[in-house]
Amino acid sequence: MEHWLVVALIIILVLLDLAIRAFSLVHVPIDRKPQTATGWLLAIFLIPYIGFILFLVLGSTKLPRSRREKQTEINRYILEQTEGIERVRRDHPWPAWLESITRLNRELGAMPLVGGNQAELYPHYDDAFAEMTHAVDAARRFVHVEFYIASLDDTTRPFFESLARAQARGVTVRFLMDHWASRGYPYFKDTLAFLDAAGIEWHLMLPLLPMEGKFQRPDLRNHRKILVVDGSVAFTGSQNLIDRSYDTKANIERGLRWRDLFARFEGPVVAGINALFVTDWYSETDELLLRESDPVHRADRADALDCQVVPSGPGFDGENNLRLFNALLYSAQERVSITSPYFVPDDSMLYAITTTAQRGVEVELFVGEIGDHAMTWHAQRSYYEGLLRAGVKIWLYRAPTVLHAKHFTIDDDVAVIGSSNMDMRSFTLNLEISVMVRGKSFVDALRDVQDDYRAASRQLTLDEWLTRPRRSRVFDNVARLTAALQ
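Residues numbered from 1 in each chain as written. Predicted model: local features only at pLDDT ≥ 70, side-chain atom pairs only at ≥ 80, totals over all residues. Heavy atoms only, no water.

## Regarding the overall build of the protein
Then comes step 1: Along the backbone of the protein there are 19 helices and 20 strands.
Then comes step 2: Taken over 486 residues, the protein has a buried fraction of 57%.
Then comes step 3: As displayed, the protein offers around 20,800 Å² of accessible surface, 56% of which is attributable to carbon and sulfur atoms. (Helix = DSSP H or I, 4+ residues; strand = E, 2+ residues; numbered from the N terminus. Buried < 20%, exposed > 50% of the residue type's maximum accessible area, 1.4 Å probe, protein only. Areas by Shrake-Rupley, 256 points an atom, 1.4 Å probe, with all protein chains shown as cover.)

As structure tokens, then:
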């Protein structure tokens, strides 16, 4: 009898294995890029039961239907709240290709190009926190805070205390943080306790609380970093609300310190940045915030900037940031400078970058000499040889600093800054914010920052890269395979 049970069990497992493979061949490729579908099929065929379970948990890159419907609804709200379209300066130098780019962004993310803006960059961690704290202390009506990672530590305490002071004097403070990202760092409970004690309303973004009916694919995350004060001032960029060491013992022992870039905006673009906070607040609370901003201050100076907010993420049908980045790369005529801590492009972006370099445009890429995520870092390194052979200059920012800034410049005309990395996670899985800026003064300011990066970096050569140890090549290429499982 036991023999027949074993035989029956083997037959059942074989049939189940065949059923999983047949089901996967039909359903996995639906609405997926070939490389992504191939990655999942390899995982399922090599480790059928584990791979199939992972696919069921991680295979969908879409947010729940209710959240996507809210995104469609909020797009109409964004258009109604937009000011400054008439102030776009189409004078010289207005690149011939820029009109089509702004139209693309409008079609994808609903936000138009608006003029009459000012911006200032904060390339140093402490300076960015100090300026944000100062802005909150000047708040009179509301403060909107949204960060991927938020932690009350010695570095961020002055900012949190400014929020408490604002709430105490009658300013409405609303606070959003990504659940899965923030809970992974020390002081998470202390942070929530502080907000509660201050009377600040806070919510977790994309919470993973299955017992409360709140669950989606675990690695769909809200990666945005936003601060809006009174609808007149906004900050965004790459910096999280946490110490430069990210408060972990391993980072402190290794001496790791993050380098980021934050930008402060004034003008009509602030309404666009605030609209993303309104979108995310609505998604988490079902409360649609009414217009509560001060009258927009418009810059009438000759160096006023034209800006366009480009939201992206699984709430949209298309990969808005990827489409923007590729369109800008193909439009470049003279020079492209890219800074991305996690550079794992899909095929379309890899072709865009290498094609741009091969047609004679000067292309440079700033990345870290070290990385804080081993698999991503090794996957990133697997692209270096192809980039170097195409003529891309690669600058490795020296350890132990982790270059975490995310921005790039196109010719002397256009720059993009925000929370988006140039990797498949940011293109497909994360909710991101990008701000496209047209204006030579802003591009020049970013170029100054890039000059600082270059001075703190060393250039990677093809000859050096080809002599790296064989084990590094193996690790890099294996890690690259995992990048397709999005």
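## Re helix 6 (residues 125–137)
Then comes step 1: Taking 1.5 Å of rise per residue, 13 residues should cover 18 Å, and helix 6 covers 19 Å from first to last C-alpha, within 8% of that figure.
Then comes step 2: Looking only at helix 6, the buried set comprises Tyr125, Ala128, Phe129, Glu131, Met132, Thr133, Ala135 and Val136. (Expected span 1.5 Å × (residues − 1).)

## Describing the pattern of salt bridges
Then comes step 1: Here the structure, examined in full by the defined rule, presents 17 salt bridges.
Then comes step 2: Residue arginine 335 pairs with glutamate 364 through a salt bridge whose shortest N-O separation is 3.5 Å. Of this pair, arginine 335 sits in strand 11 (residues 335–339) while glutamate 364 sits in strand 13 (residues 362–368), placing them 29 residues apart in sequence.
Then comes step 3: Arginine 468 serves as the salt-bridge partner of aspartate 476, at 3.6 Å between the closest nitrogen and oxygen. By the burial criterion, aspartate 476 is buried, and arginine 468 matches it. (Salt bridge = Lys/Arg side-chain N within 4 Å of Asp/Glu carboxyl O.)

## A word on unusual backbone geometry
Then comes step 1: Alanine 399 connects to proline 400 through a cis peptide bond whose omega is 10°.
Then comes step 2: Structurally, the position occupied by proline 400 is in the loop between strand 14 (393–397) and strand 15 (401–403).
Then comes step 3: At leucine 206, a position not held by glycine, the phi torsion is positive, near 45°.
Then comes step 4: Within the secondary structure, leucine 206 sits in the loop between strand 4 (201–205) and strand 5 (221–222).
Then comes step 5: Despite not being glycine, aspartate 247 shows a phi value in the positive range, around 60°.
Then comes step 6: Mapped onto the fold, aspartate 247 is located in the loop between strand 7 (233–237) and helix 10 (249–254).

## Structural notes on the pairing of strand 14
Then comes step 1: Extensive coverage of strand 14 is indicated by the burial of 4 of its 5 residues.
Then comes step 2: Taken together, the 5 bridges between strand 13 and strand 14 define a ladder with parallel strand orientation. Counted as the bridge partner of phenylalanine 366 is tryptophan 395 from strand 14.
Then comes step 3: Pairing of strand 14 with strand 20 (residues 457–460), which is carried by 4 bridges, proceeds in the antiparallel orientation. Bridge pairing in strand 20 links tryptophan 395 to glutamine 459. (Pairing = 2+ DSSP bridges.)

## Details of the nonpolar core
Then comes step 1: Residues Leu328, Val336, Ile353, Leu387, Ile394 and Phe408 are the most contacted members of the largest nonpolar core, which totals 45 residues.
Then comes step 2: A total of 6 residues in this core trace back to one element, the largest contributor, which is helix 12 (residues 320–331).
Then comes step 3: Apart from residues no more than four positions distant in its own chain, isoleucine 394 is found in contact with Leu365, Val367, Tyr384, Leu387, Leu388, Arg458, Gln459 and Leu460.
Then comes step 4: Counting 42 residues, the second-largest nonpolar core is a separate cluster that includes Ala139, Phe147, Ala181 and Leu256. (Core = buried A, V, L, I, M, F, W, Y, C linked by side-chain atoms within 4.5 Å. Contact = heavy atoms within 4.5 Å.)

## Structural notes on the packing of helix 5 (residues 98–109) against helix 12
Then comes step 1: Orientation of helix 5 relative to helix 12, taken along the N-to-C sense of each, is 175°, at an axis distance of 10 Å. The angle between the axes of helix 5 and helix 12 places the two elements in the roughly antiparallel class. Across the interface between the two elements, Ile101, Leu104, Asn105, Leu108 and Gly109 from helix 5 touch Asn320, Arg323, Leu324, Ala327, Leu328 and Ser331 from helix 12.
Then comes step 2: Residue composition of the contact of helix 5 with helix 12, grouped by class: 6 nonpolar, 4 polar and 1 charged. (Axes fitted to C-alpha atoms, helices over the stretch in contact; angles between N-to-C directions. Parallel < 35°, antiparallel > 145°, perpendicular 65-115°, else oblique. Nonpolar A, V, L, I, M, F, W, Y, C, P; charged D, E, K, R; others polar.)

## Considering the packing of aromatic side chains
Then comes step 1: For the structure on display, the rule yields 15 aromatic pairs.
Then comes step 2: A ring pair is formed by phenylalanine 147 and phenylalanine 262, whose centres lie 6.2 Å apart and whose planes are at 15°; its orientation type is stacked. Within this pair, whereas phenylalanine 147 is found in strand 2 (residues 142–147), its partner phenylalanine 262 is found in strand 9 (residues 262–266), the two being separated by 115 residues in sequence.
Then comes step 3: Classification of phenylalanine 262 by relative accessible area gives buried; the value is 0%.
Then comes step 4: A network of ring pairs unites the aromatic residues Phe159, Phe160, Phe175 and Phe194 as a single cluster.
Then comes step 5: When the ring centre of tryptophan 281 is taken as origin, the NZ or CZ atom of arginine 174, which lies over that ring, is 6.0 Å away. (Phe/Tyr/Trp six-rings, centres within 6.5 Å; stacked < 30°, edge-to-face > 60°. Lys NZ or Arg CZ within 6 Å of the ring centre and 35° of its normal.)

## Quick word on the packing of helix 6 against helix 7 (residues 157–168)
Then comes step 1: Orientation of helix 6 relative to helix 7, taken along the N-to-C sense of each, is 5°, at an axis distance of 9 Å. If you check the angle between helix 6 and helix 7, you find them roughly parallel. Here Met132, Thr133, Val136 and Asp137 of helix 6 lie close against helix 7, whose contacting residues are Pro158, Phe159, Ser162, Leu163, Arg165 and Ala166.
Then comes step 2: Of the residues that constitute the contact of helix 6 with helix 7, the class distribution is 6 nonpolar, 2 polar and 2 charged.

## Digging into a nonpolar patch on the surface
Then comes step 1: A cluster of nonpolar side chains, namely Ile10, Ile11, Val14, Leu15 and Leu18, defines an oily patch on the protein surface of about 460 Å² accessible area.
Then comes step 2: Mapping valine 14 onto the fold places it in helix 1 (residues 2–27). (Patch = residues over 30% accessible without salt bridge, like charges linked within 9 Å, V, L, I, M, F, W, Y side chains within 5 Å.)

## Considerations on helix 7
Then comes step 1: For helix 7, which comprises 12 residues, the first-to-last C-alpha distance of 16 Å matches the rise-based estimate of 16 Å (1.5 Å per residue) to within 8%.
Then comes step 2: Buried within helix 7 we find Phe159, Phe160, Ser162, Leu163, Ala164 and Ala166.
Then comes step 3: Those residues of helix 7 hidden inside the fold are in contact with helix 6, strand 2, strand 3 (172–178), helix 9 (188–198) and strand 6 (225–229).
Then comes step 4: A positive backbone phi angle near 100° is found at glycine 170, which sits one or two residues after helix 7.

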